[in-house]
Structure formats: structure tokens, C-alpha cells
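Report on the structure
The lines below spell out each chain.
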Amino acid sequence: MNTQAQLFCAWCGVGFLVLFSIGWWFIAGYIPPMSPALSAVEVAGFYQENTGLIRLGMVITMFSAALSAPWVAAIAVQLRRIEGEFPALTYALLVAGAVGVVVLVVPPMVWTTAAFRPERDAELIMLLNDFAWLFFVMTFSPFFIQNLVIGLAVFSDKSESPIFPRWVAYFNIWVAILLIPGGLITFFKTGPFAWDGILAFWLPFAVFFGWFVVMFPLLLKAIKQQAALARVE
Amino acid sequence: MIRLLAKPVSAVWLLLMLATGLSWWLGLDQGMSSDQQSDYRYISSGLIIIAFIKVRIVIRYFMEVREAPLALKLICDAWLVLVSSAIIYLYCLGPVPVATGG
Amino acid sequence: MTSADCFSAVERKVEIKPHVPGEVGVWVFILGDMLIFGLFFIVFVYYRGLNVELYSHSQATLNQNYGAINTLFLLASSWFVAMAVDDMRNKTVKLAPVFFPLAMLCGLGFGVVKIIEYREKISAGITITSNDFYMYYYIFTGLHFLHVLIGMGVLVFLWRRARFAATQADVRDGAVIEKDMVLIESGASYWHMVDLLWIVLFPLLYLLK
């Protein structure tokens, strides 16, 4: 049994949440999100005033994003226990999780590109800013699949003592659906479906963070249960 | 069939259908003159309240929450109170509808 | 639901013991969905308050009759489902195999009216980008319609369970075993939620002045 390695991977999820919040939220100041309706000059102003903080914040954000990889791997190990010999959903989770890391890594790099030469033409800064925000908020698909396959796998758990309780399946599918409104941000500059809107940004992000908070203790419990079973055998 | 209609669920269902009819009628333009426009505020608040009473009946009788543990009852009622009061509060906060609006 | 095992389906009709209808997990989904739609309602009324005139003008082009008829369709459908669930607690299941299809027929009626309504709006040049009111109209009713479609699938499943239970009446003592009843109640609760959400959407979108 590799309980220690599994626990390390699970804790990486917490590391992701903490470092991501520090870098993206507290240092770089991307929360609350800037309005997509801002003019180019206003957007460029944000990068000119906060150049140093954005650069530092993005280094941390970029690093934190990769911590979601071990976290997804730890969940995948538990799904593998459910699925047994031909773990299609587990593989789907791993692939989706890997793409998820890319989705979390690229936007910080684009934001930091904008802060690299803040004296650049304001229109170009805005282009980079738009690109990073759209990439970041709109790309719900890998996370959608990630949560969906976890839900399906938990549903398929027919054992006497299931690895995750069944409500976790409903919860994950609910989370998957809630991430979808992010896909609408390409149509709106203002209102609830813009990238700073309550339904396209705040709701999916609150739910995504809440998902970590709910899954973490369940994951620890599953790992410890597995360890206890291994000791018995 | 008579036995079915005598059940409490059927009685509340009839009530729900009637309430829908009432909302339908209230929501139609009643040929109001412009000085009666302010009454819309009461009518609309009434429509929202009717809707949430209907929702509570659906939760209690159709979804059988009336037989559920207290926690689930409380969660459902909390949702009802929060959402309905927020809607009515925000609705009444909005400016008075103009005469041409209806 | 282990406590449910200690009394049979027949006894429950007499002895009403507090129990969560259906699976606990389904309620995570139902309450989660209600939370989100609650947020939708609040967001809609808030933005409506910022531009009442636009919302009133746009609302005037909606056909209230469609909304009302659809409310009646869903209510009727919910009644059929509630009666069918009740029937499935009997020793011999008789009505459920008929009532579930009738509930689906009402759901189908809802869908037909909804499609006629969408067609009318789109052929009149009104789309999701026309203005804010129509954005909410299409997104909220569209998401709700998605719930209806999923619900129709759920009803098909319930119908199959009901037909199976009806054929098993002679074999088993209580027609529907507890485990099946949990599934039936879960599906029915979901369908009632679809009804419940429309009950609020109807006055908000069609009637609020």
C-alpha cells in the first residue's frame, strides 16, 4: 500500500486551492474580476499600476495549477478501485484532469505576458487580457467531463461498502452542470453571463472551490478505508 | 376513480389548477387606466405569493416532504422564504411601471 | 435508507414514518438545482428592476396562454405521477402502468407548446441576443426544457419499473420491494421539481408587471 503517496496527492488539492487563491486573488488582484466592458485604456491602466504584483502573482498561480494534477490522480486511484480491470472512466478522468492543468496554466502565462511590457499599445494589452479571461472562464469542458466521470463511476459502485457514498455521484454531476454557464461569456460584455457575472463567473467558481472542500475529506476517508482493508488482508 | 379523487393529493391538485387559473386571469390586462397602474404592484406581488404557495404545496404533497424528517422540511421552507422574499423585495425596489409599459 | 427495510410497502401506507422521499443523493441534486434556479429568479428580478420598461415591453410580446397551458400540463403530469407512486405502494399495481404514460403525454404536451412558442418567437425575429429580457427568457426556459427532456427519460424508466411490478404481483407478496420504491420516489421527486420550477418561472417571465 502506498497510503503516504496517496495522502500526499490528496493534500496537493489543498495546496492548489491555497496557492491559487494567494497568487491569483490576493497578490495579482483578479478578484473581483474586471468588467469585460472596460475600455482598452482602463485595462492597460490595471497592468501599468499593478505590474509587479501581477508578475509575482502569476508565478504562484502558474505553479499552483500543476498541483491539481496529483489531486486528480488521487481521485483516479479511488475510481480505479471502483472500476476494476477496465477503468475507462478513470482514464477519462486522467485525460480531462491533464487538460485541466493546461487550462489553468495558460491564462496566467497570458496575463503575465500582458504585464511583461505594460507600456505596450493599450489595444494589445486588452487583446491579451481578453484572451486570458476567455480561456480561463469559458473553458468548462475538461472540468465538466472530470466531474461527470467521477459521478458516473460513483454511480457504478455496486459494492456493499461503497468507496464514495452515492450522494457524491449526484453532487459531482450537479457541479458538472453548474460549470456550463461559463461557456456563455463569449456573447456578453455585461450582465450575469459576462465573465464577471454572477452566473458565469461567481457561481461556477464558488461551486468549483466548494467541490474541493467537499471531496477532500471524502477522499481522505476513502484512502484510509483502503489502507485499513489492506491491513486486514 | 372516485377513490383517487378523494385523496388529499387530488384535493390540493385541484387547488393548484384553480390557483393557476387565478394567476392567468390576474396576469391578463384588465383594461386598467393609467391611474390604476400602481395596483399592478399589488397584483404582481400577489402573483409571486400565489406561485410560492403553489410551490410549497407541490413540495409538501407531491414530493411528500410532509412525511420527511424535520431537516428536509426546514431546508425546503428556508429556500421558499429566502427566494420569495428576495424576489418581492427586489421587485418592489424597482421603479413604478410606466403607463405605456403594460 | 436502512430503516426503511424494517417495514413493508403495505404497512407504510398506514404507518407514516418520517423518511426522505427517494434516495438521499437525489435530494442533493434537487436542492442544488433549486438553489441555482432560486439564484436565477433573483438575478432576473434584480436586472428587471434596472430597466423595467424594456422588460415590460418585451414581456407584452409573450403569449401568456402558452405559459398558463404549460403550467396546467405540468400540474396534471405531476398529479398522474403522484397517483402512480401511491398506486405502486399497493400490493397489486394497477394504475401506475397507465398513469406514467399519461404523465409523459402531459410532458409531451408541454414540449409541443414550448416548441410552437419558440418557433413563433424565432420567426418573428426574436432571438437570444434581441435584448436582456429575451436572453433570460431563452436561457431560463431552455434550461428548464432540458430538465423536462431529462424528466421524460426518467418517466420512461419509472414506467418500465411499474410494468415490471404489475407483472410480479402474483410472485411477490408486496408488489414493489423497498429498493424499487426508493428509485420510484427519487424519479418522481425529480419530476415534481421540474413542475415546481415552472410554477415560479411562469409568473416571473409571463405575468410580472
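Preceding block: the structure.
To keep things clear, this report deals only with the structure shown in the data block. In this text, all values refer to a predicted model and were calculated from it rather than measured experimentally.

It is worth spelling out the interface of chain A and chain C at this point. Between chain A and chain C, the residue contacts involve 16 residues of the former and 15 residues of the latter. Considering only the side of chain A, the residues that lose the most area to chain C are Tyr170(A), Trp174(A) and Leu199(A), jointly responsible for 37% of the buried surface there. With a shortest N-O distance of 2.7 Å, Arg166(A) and Glu23(C) are connected by a salt bridge. For the side of chain A that touches chain C, the secondary-structure elements that each account for two or more residues are helix 8 (167–178) and helix 9 (198–232) of chain A. Here the element with the most residues in the side of chain A that touches chain C is helix 8 of chain A; it accounts for 7 residues. The residue inventory of the side of chain A that touches chain C, partitioned by class, reads 14 nonpolar, 1 polar and 1 charged.

This next bit is on the pattern of salt bridges. Under the criterion given, the structure shown has 9 salt bridges over all chains. In this structure, Lys7(B) engages Asp86(C) in a salt bridge whose closest nitrogen and oxygen atoms are separated by 3.1 Å. You can see Lys7(B) sitting in the loop between helix 1 (2–5) and helix 2 (8–27) and its partner Asp86(C) sitting in helix 4 (residues 64–88), one on each of two chains. Owing to a relative accessible area of 17%, Asp86(C) belongs among the buried residues under this scheme.

Counting residues in hydrophobic clusters, the biggest one holds 182 residues, and the most contacted among them are Trp24(A), Tyr30(A), Tyr47(A), Phe164(A), Trp211(A), Phe41(C) and Phe100(C). Looking at this core element by element, the count peaks at 18 residues for helix 7 (residues 178–207) of chain C. Setting aside residues no more than four positions away along its own chain, Phe100(C) makes contact with Val81(C), Ala84(C), Met88(C), Leu155(C), Leu158(C), Trp159(C), Ala162(C) and Ile184(C).

The next point concerns a nonpolar patch on the surface. Residue and element names in this part refer to chain A. On the surface, a nonpolar cluster with roughly 390 Å² of combined accessible area is contributed by Val18, Ile22, Trp25 and Phe26. Inspection of the secondary structure puts Trp25 in helix 1 (residues 3–27). Given the relative accessible area of 38%, Trp25 is considered partly exposed.

A cis amide bond links Ile31(A) with the next residue in sequence, Pro32(A), at an omega value of -5°. Along the chain, Pro32(A) turns up in the loop between helix 1 and helix 2 (40–49).

Geometry of an aromatic ring pair is reported as the spacing of the ring centres plus the angle between the planes. All names here are of chain A. Considering all chains together, one arrives at 61 aromatic pairs over all chains under this definition. Note on Phe201 and Phe205: the rings are 4.6 Å apart at their centroids and 25° apart in plane angle, and the pair reads as stacked. Taken together, the residues span about one helical turn, with Phe201 and Phe205 both in helix 9 at a distance of 4 residues. Accessibility assignment for this pair places Phe201 and Phe205 in one class, buried. Between Phe208 and Trp211, the ring centres sit 6.0 Å apart and the planes meet at 15°, which makes this aromatic pair stacked. Of this pair, Phe208 and Trp211 are both found in helix 9, 3 residues apart, which corresponds to roughly one turn of the helix. Judged by its relative accessible area of 10%, Phe208 falls in the buried class. Look at Trp211 and you get buried, because its relative accessible area is 0%.

Among the 2 pairs of chains in contact, the pair with the most contacts is chains B and C. Nothing in chain A touches chain B, and the closest approach of their C-alpha atoms is 15 Å.

Calculation notes
- Residues numbered from 1 in each chain as written.
- Chains lettered and ligands numbered in written order.
- Predicted model: local features only at pLDDT ≥ 70, side-chain atom pairs only at ≥ 80, totals over all residues.
- Heavy atoms only, no water.
- Contact = heavy atoms within 4.5 Å.
- Buried area = accessible area lost by both parts, 1.4 Å probe.
- Salt bridge = Lys/Arg side-chain N within 4 Å of Asp/Glu carboxyl O.
- Helix = DSSP H or I, 4+ residues; strand = E, 2+ residues; numbered from the N terminus.
- Nonpolar A, V, L, I, M, F, W, Y, C, P; charged D, E, K, R; others polar.
- Buried < 20%, exposed > 50% of the residue type's maximum accessible area, 1.4 Å probe, protein only.
- Core = buried A, V, L, I, M, F, W, Y, C linked by side-chain atoms within 4.5 Å.
- Patch = residues over 30% accessible without salt bridge, like charges linked within 9 Å, V, L, I, M, F, W, Y side chains within 5 Å.
- Areas by Shrake-Rupley, 256 points an atom, 1.4 Å probe, with all protein chains shown as cover.
- Phe/Tyr/Trp six-rings, centres within 6.5 Å; stacked < 30°, edge-to-face > 60°.

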